[in-house]
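Summary of the model geometry
Okay, here's what each chain looks like letter by letter:
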Amino acid sequence: MEKLMEILMEINPDIDYKTEKNLIDGKILDSFSIVNLVAQISETFDIEISPKYLIPKYFNSVDAMWEMIQAILDEE
Amino acid sequence: MDSIWKIFLTTVTKFPQKIAVADQNSSYTYEELFAKIKSINSLLAKYQRKNPIAIFAGRNIDTVAQILAVIGSGNYYIPLDSSLPKEKLNAILADAKPVAILGQKEDEKVIENLNFQGDFYTNLDSSDKDCEFSPLSGDEPLYMVYTSGSTGNPKGVLKSNNAVISFLEAFSTLFPFEEETIIGNQTPLFFDASAKDLYLSIYNGATLEIIPTEKFILPVGLVNYLNERKINWICWVPSALCLISQLNAFMEVKPEYLKRIFFVGEAFPVKQLKKWLENVPNAKYVNLYGSSEIAGVCCYYEINNNLENIDVLPMGKAMPNCEITLRDEKNQIINESGVVGEIFISSPALALGYYHNEEQTNAVFFKEDNKRVFQSGDLARYDEEGNLCFVSRKDFQIKYMGRRIELGEIEAACDKLPEINRCCCLYDEKRKIITLFCELNSELTVSEIRNLLKDKLATYMIPGKINIYEKLPLNANGKIDRQLLKKTIM
């Protein structure tokens, strides 16, 4: 979780990720920043995020992203 | 035809029932759009002709109505991003002195904080629909866009009706529009690049679909939206196309209707383009190149399926309405391949110049054999097939997310902060991050610097990475050693 936080802080340090539950639907994450985010998560956790996960549900909050990472790790 | 307004009226007569413009929630047919314009226009009738009117452009159909209403009223518009920092908006308004601003309901708060004394309208609906139109035409201005200037002062580029029409004619002859073209607009309407979508749509009687910004955050939803709206023609920045291919969205869903895919504003990585060609093989792909100082674009390169020996996409050949020469430092024309020279453009599509700035205008626009020529500041060379290939900018200007940014402007903003001793801004091409190197004279954290810069710069210009140095390295001339710093980010 800490590593995920680090990645997010690097992308945009001004977001309060601990409380924010609406990162995508609330247009809080910038357009195009997801490319960078997905690349860094894939590299850091050594996973492949398939496009079926690329929907708001899995990116709206840190917890959602963390659950997605765990789910992918379990699949592998 | 000599005015965009006349072109619009012709299209209204030809296709009254066709959808002219749509956003996520609503749409106007050409007839309805004209009615909406009339209701706005009667409010603008009190202004003298030939004045600038600013528009806080949103991603909705009413912004398009506002733009056309200004044109019909005999004035020219300045599209603006109301989320720019207050300081920057004030500087632009002080330079342009618009007689009025048209905007969205949510912009009322923005206006309160600006030094603007003129009229501000949001709810533009007058019952008086019998207004007269007295549009500007020919070489009279159509709109003005502000670009990043290296001194940090805003720089307005004025474009005429004739310039835009020259582009529309050339482009539509080269790439004819089909009967049912639906354009998927990606670039915000406050950016110059969106003028291509808007005017090509009107000129060809097409439909302009304004895609909501949030669709460009995640790729699967974006492709679904393209399919839902049957979008078949796009002209996007490569970053937007890469969002789809890089994240392998094609595995989940494919664009079903896309037939024409244009890209402009920065280099499209060949690896990503290959993925597009594999997954959307029936579309035509064209790389475009332009500059704020010309209406539309001036070069095009049609992609054929064989990208084997290509590392970087060429800019291609001149548009039919443009003459392009490469010149060396002595103004000698270069014809042989491989030799780097500066791009000079001669075309009826050239901008009129920089607003209220004869000195800057004369520095890059000049007359030669009775033709106007623009010296672009871009360096290029010819490949073996005679295609132009981009090399770099002459100065420190970069393209980031398709937007033109002067690194000097970011440095100028940083230098204004009393806490920063000196600084240097570089672009990390590989990771696509604007990096700031600075020397401080008081204790300041990276996020504090970022916060201070927010009041001075547009969000997309705020450095993604900030490196604080106790002492910045200097070269033999006593200047900040950019080459050495560049190595640290390579």
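Residues numbered from 1 in each chain as written. Chains lettered and ligands numbered in written order. Predicted model: local features only at pLDDT ≥ 70, side-chain atom pairs only at ≥ 80, totals over all residues. Heavy atoms only, no water.

1. Points about the overall build of chain A
- In terms of regular secondary structure, chain A is built from three helices and zero strands.
- Against the globule reference of 11 Å for 76 residues, chain A gives a C-alpha radius of gyration of 11 Å, in line with a compact fold.
- Dimensions of chain A along its principal axes, counting C-alpha atoms only, are 35 × 20 × 20 Å.
- Classification of the 76 residues of chain A by burial places 41% in the buried group.
- The contacts in chain A between residues at least 6 apart in sequence include a share of 57% that link residues at least 24 apart.
- In the form shown here, chain A has an accessible surface area of approximately 4,100 Å², with 47% of it arising from carbon and sulfur atoms.
- The positive charge centre, built from 6 side chains, and the negative charge centre, built from 16, are 6 Å apart in chain A. (Helix = DSSP H or I, 4+ residues; strand = E, 2+ residues; numbered from the N terminus. Rg over C-alpha atoms; globule rule 2.2 N^0.38 Å. Buried < 20%, exposed > 50% of the residue type's maximum accessible area, 1.4 Å probe, protein only. Contact = heavy atoms within 4.5 Å. Areas by Shrake-Rupley, 256 points an atom, 1.4 Å probe, with all protein chains shown as cover. Lys, Arg positive; Asp, Glu negative; His and termini not counted. Charge placed at Lys NZ, Arg CZ, Asp CG, Glu CD.)

2. Things to note about unusual backbone geometry
- The backbone of Lys27 of chain A shows a phi angle near 55°, a positive value even though the residue is not glycine.
- Looking at the secondary structure, you find Lys27 of chain A in the loop between helix H1 (2-11) and helix H2 (33-45).
- Non-glycine residue Asn248 of chain B carries a positive phi angle of around 55°.
- Assignment of secondary structure puts Asn248 of chain B in the loop between helix H9 (238-246) and strand E12 (260-263).
- Judged by its relative accessible area of 30%, Asn248 of chain B falls in the partly exposed class.

3. Section: the pattern of salt bridges
Residues and elements named next belong to chain B.
- For the coordinates displayed, the defined rule picks out 18 salt bridges over all chains.
- Note that Arg482 and Glu411 form a salt bridge whose closest N and O atoms lie 2.9 Å from each other. Taken together, the residues Arg482 in helix H14 (residues 482-489) and Glu411 in helix H12 (residues 407-415) connect sequence positions 71 residues apart.
- The partner of Glu439 in a salt bridge is Lys471, and the shortest N-O contact between them spans 3.7 Å. Note that Glu439 is positioned in strand E26 (residues 433-440) and Lys471 in the loop between strand E27 (465-469) and H14, a separation of 32 residues in sequence.
- Given the relative accessible area of 63%, Lys471 is considered exposed. (Salt bridge = Lys/Arg side-chain N within 4 Å of Asp/Glu carboxyl O.)

4. Details of the interface of chain B and chain A
- With 24 residues of chain B at the interface, the matching set in chain A holds 18 residues.
- A combined buried area of about 1,900 Å² lies between chain B and chain A, and 69% of that area is made up of carbon and sulfur atoms.
- Counting across the chain B and chain A interface gives one salt bridge.
- Taken together, the connections running from chain B to chain A amount to one residue pair in polar contact (both at pLDDT 80 or more).
- Among the elements of the structure, helix H8 (219-228), H9 and helix H13 (446-454) of chain B are those that each provide at least two residues to the side of chain B that touches chain A.
- Per element, the largest residue contribution to the side of chain B that touches chain A is four residues, and it comes from H9 of chain B.
- Across the side of chain B that touches chain A, the residue classes tally to twelve nonpolar, seven polar and five charged. (Buried area = accessible area lost by both parts, 1.4 Å probe. Polar contact = N/O pair within 3.5 Å; in protein donor to acceptor, adjacent residues only side chain to side chain. Nonpolar A, V, L, I, M, F, W, Y, C, P; charged D, E, K, R; others polar.)

5. Looking at the state of the cysteines
Residues and elements named next belong to chain B.
- In total, this model carries zero disulfides over all chains according to the counting rule given.
- Sulfur of Cys242: no disulfide; nearest cysteine sulfur belongs to Cys235 and is 15 Å away.
- The thiol of Cys298 is unpaired, and the distance to the nearest cysteine sulfur, on Cys299, comes to 4.6 Å.
- With relative accessibility at 0%, the residue Cys298 sits in the buried group. (Disulfide = S-S within 2.5 Å.)

6. A short note on the sheet that holds strand E10 (residues 207-210) of chain B
Residue and element names in this part refer to chain B.
- As summarised here, the arrangement of the nine strands in space is E2-E1-E10-E9-E11-E12-E13-E14-E15, forming an open sheet in which the pairing is mixed. One side of each edge strand has no neighbouring strand; the edge strands of this open sheet are strand E2 (27-29) and strand E15 (317-318).
- Looking at chain direction, strand E14 (residues 299-302) and E15 are connected through two bridges and run antiparallel. The residue bridging Tyr300 from the neighbouring strand is Lys317, located in E15. (Pairing = 2+ DSSP bridges.)

7. A short note on the packing of aromatic side chains
Residues and elements named next belong to chain B.
- This structure, assessed with the given rule, holds 29 aromatic pairs over all chains.
- Seen from their ring centres, Phe167 and Phe171 are 5.3 Å apart, and the 45° between their planes marks the pair as tilted. One end of the pair, Phe167, and the other, Phe171, are both in helix H6 (residues 161-174), four residues apart, so they sit about a helical turn from each other. We note that Phe167, like Phe171, is buried.
- Pairwise contacts between aromatic rings join Phe167, Phe171, Phe175, Phe177, Trp233, Phe262 and Tyr300 into one cluster. (Phe/Tyr/Trp six-rings, centres within 6.5 Å; stacked < 30°, edge-to-face > 60°.)

8. A closer look at the domain arrangement of chain B
All names here are of chain B.
- Domain boundaries in chain B define domain 1 (4-302) and domain 2 (398-489).
- Each of domain 1 and domain 2 has a C-alpha centre, and the two are 32 Å apart.
- In this assembly, 18 residues from domain 1 lie in contact with 18 residues from domain 2.
- The interface formed by domain 1 and domain 2 contains two salt bridges.
- Residue Lys88 pairs with Glu409 through a salt bridge whose shortest N-O separation is 3.0 Å. (Domains from an automatic or database assignment.)

9. A look at H1 of chain A
All names here are of chain A.
- Within the sequence span of H1, burial applies to Leu4, Ile7 and Leu8. Down the axis of H1, the smallest arc covering the buried residues is 95°, so these residues share one side. For H1, exposure combined with an orientation more than 90 degrees from the buried face picks out Glu2 and Glu6.
- Packed against the buried residues of H1 are H2 and helix H3 (62-75). (Arc of directions from axis to C-beta.)

10. Considerations on the packing of helix H1 (residues 4-14) of chain B against helix H7 (residues 194-203) of chain B
Residues and elements named next belong to chain B.
- For the pair H1 and H7, interaxial distance at closest approach is 8 Å and the crossing angle is 50°. One finds that H1 runs oblique with respect to H7. Side by side, H1 and H7 meet where Ile4, Ile7, Phe8 and Thr11 of the first sit next to Tyr199, Ile202 and Tyr203 of the second.
- Of the residues contributing to the contact of H1 with H7, the split by class is six nonpolar, one polar and no charged. (Axes fitted to C-alpha atoms, helices over the stretch in contact; angles between N-to-C directions. Parallel < 35°, antiparallel > 145°, perpendicular 65-115°, else oblique.)

11. Brief notes about the sheet that holds E27 of chain B
Residues and elements named next belong to chain B.
- Ordered by their spatial adjacency, three strands build an open sheet running E25-E26-E27, and the pairing between neighbours is mixed. With one partner strand each, in any of the chains shown, strand E25 (420-428) and E27 form the two edges of the open sheet. Sheet twist, expressed as the mean angle between neighbouring strand axes with direction ignored, is 20°.
- When E25 meets E26, the two strands line up antiparallel, connected through eight bridges. Among the inter-strand pairings, Cys423 is bridged to a residue of E26, identified as Cys438.
- Against the sheet, H13 contacts E25, E26 and E27, and its axis sits at roughly 120° relative to E27.
- Here H14 sits on the sheet in contact with E25, E26 and E27, set at roughly 55° to E25.

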